[in-house]
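Listed here are the chains, written in short residue letters.
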Amino acid sequence: MKSPVLFLRVLASIVVVHCSLSGQEGDKKTLEYGWRKQFIGGLNLTQTSFDNWTQGGENTLSWQLHLTGEFVRDQEKFIWAQTGRISFGNTKVGGTEIRKSVDEFRLESVFTYKIGANVNPYVAVSGETQLAAGFDYTQDPKVQVSDFMDPGYFTQSVGVGYAPLEVLKTRLGLRLKETTTRNFPVPYADDPATPEVENTRIEFGVESVSDLKQQVSENILVTSKLELFSNLDGIDETDVKWENVFSAQVSRFIAVNLYFKVFYDKDLSTKRQWNQGLTLGLTYRIL
């Protein structure tokens, strides 16, 4: 657990530096209302091939496509932010079949009503699933364990948001969370304490969501999103999702991205889950 602790310290240092620099600015920025739009696409490719290579090796082909979008309408009395992300990729090594390497589809909409400088009420909805079937390759033959909208996660929440800095936003509120399944209710939606098998799980609790988006330098961007959800049944029942991306723009069309995600949900596993990736590929800002 040293890596997450070290990263938290780095994020804290970035915020402190930003606060110090912001305090030195004497002129206030002119407010600009209207739409802010951003849509970025990235494609990463890896390929190796061997023929009569005495040192050995495996032919490899992998690709990943990443699409992220942000559409924010900022008005005098409210802010309405829509964000979305699609990530998908496949990998083929040697004579093995093509396997999925990354698969995520997420949409979120947050409406914030402005009543003060930093503290404001909000309502939010979100949906998350995957695009293609997922398999457990540790078993022979492979076993399918998930599919599109199986599971699907939907949330609705209401509460109060706090934005002490332009780069840091956090919110706290009540959340309703639905998990839906079709063919794979276990372990996603089924309650093992009941004799029947449920395809839908509904949970009510408290959420905390924090977003950090810091332009460290002209070419380096750090984004971090920490989501906590508790159904109030106990500390160990708190779901944790922590996503972090370090993006470095090497040139106009080439970028390096370091991504890692920490996930904990006791209903799925009593241990924390970890996902990490380092990519170098083409990127293009459409909006």
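Up top is the structure these notes are about.
A brief structural summary. The structure presented is a predicted model; accordingly, all values stated were derived computationally and were not measured.

## Description of the pairing of strand β3 (residues 78-93)
Sheet topology places strand β2 (residues 60-74) next to β3; 15 bridges connect them, and they run antiparallel. Looking at the pairing, Leu67 lines up with Ile86 of β3. Pairing analysis gives 14 bridges linking β3 to strand β4 (residues 99-113), with the strands arranged antiparallel. From the neighbouring strand, Ser87 faces β4, where its bridge partner is Glu104. Between β3 and the antiparallel strand that follows it, β4, lie five residues; Gly94 among them carries a positive phi value of about 60°.

## Examining the packing of aromatic side chains
If you walk through the whole model with that rule in mind, you get eight aromatic pairs. Ring centres of Phe50 and Trp53 lie 6.4 Å apart, and the angle between their planes is 55°; on these two criteria the pair is classed as tilted. Seen in terms of ring centroids, Phe253 and Tyr284 are 6.0 Å apart; in terms of plane orientation they differ by 15°. Their pairing is stacked. Of this pair, Phe253 sits in the loop between β12 (239-249) and β13 (254-264) while Tyr284 sits in strand β14 (residues 273-285), and the two are 31 residues apart along the sequence. Assessed through its relative accessible area of 37%, Phe253 is described here as partly exposed. Accessibility expressed as a relative area gives 47% for Tyr284, which makes it partly exposed. Lying over the aromatic face of Tyr137, Arg99 brings its terminal NZ or CZ to 4.0 Å of the ring centre. Note that Lys142 overlies the ring of Phe135, its terminal NZ or CZ placed 4.2 Å from the centroid.

## Topic: unusual backbone geometry
A cis amide bond links Asp140 to the next residue, Pro141, at an omega of 5°. Relative to the helices and strands, Pro141 is located in the loop between β6 (134-136) and β7 (143-146). Each neighbour pair has its own omega, and for Val186 with Pro187 the value is 5°, a cis peptide bond. By secondary structure assignment, the location of Pro187 is in helix α2 (residues 185-188). We note that Asn52 has phi near 55°; this positive angle belongs to a residue other than glycine. Within the secondary structure, Asn52 sits in the loop between β1 (34-48) and β2. The backbone of Leu232 shows a phi angle near 70°, a positive value even though the residue is not glycine. Locating Leu232 in the fold gives a position in the loop between β11 (220-230) and β12.

Cut-offs and rules
Residues numbered from 1 in each chain as written. Predicted model: local features only at pLDDT ≥ 70, side-chain atom pairs only at ≥ 80, totals over all residues. Heavy atoms only, no water. Pairing = 2+ DSSP bridges. Helix = DSSP H or I, 4+ residues; strand = E, 2+ residues; numbered from the N terminus. Phe/Tyr/Trp six-rings, centres within 6.5 Å; stacked < 30°, edge-to-face > 60°. Buried < 20%, exposed > 50% of the residue type's maximum accessible area, 1.4 Å probe, protein only. Lys NZ or Arg CZ within 6 Å of the ring centre and 35° of its normal.

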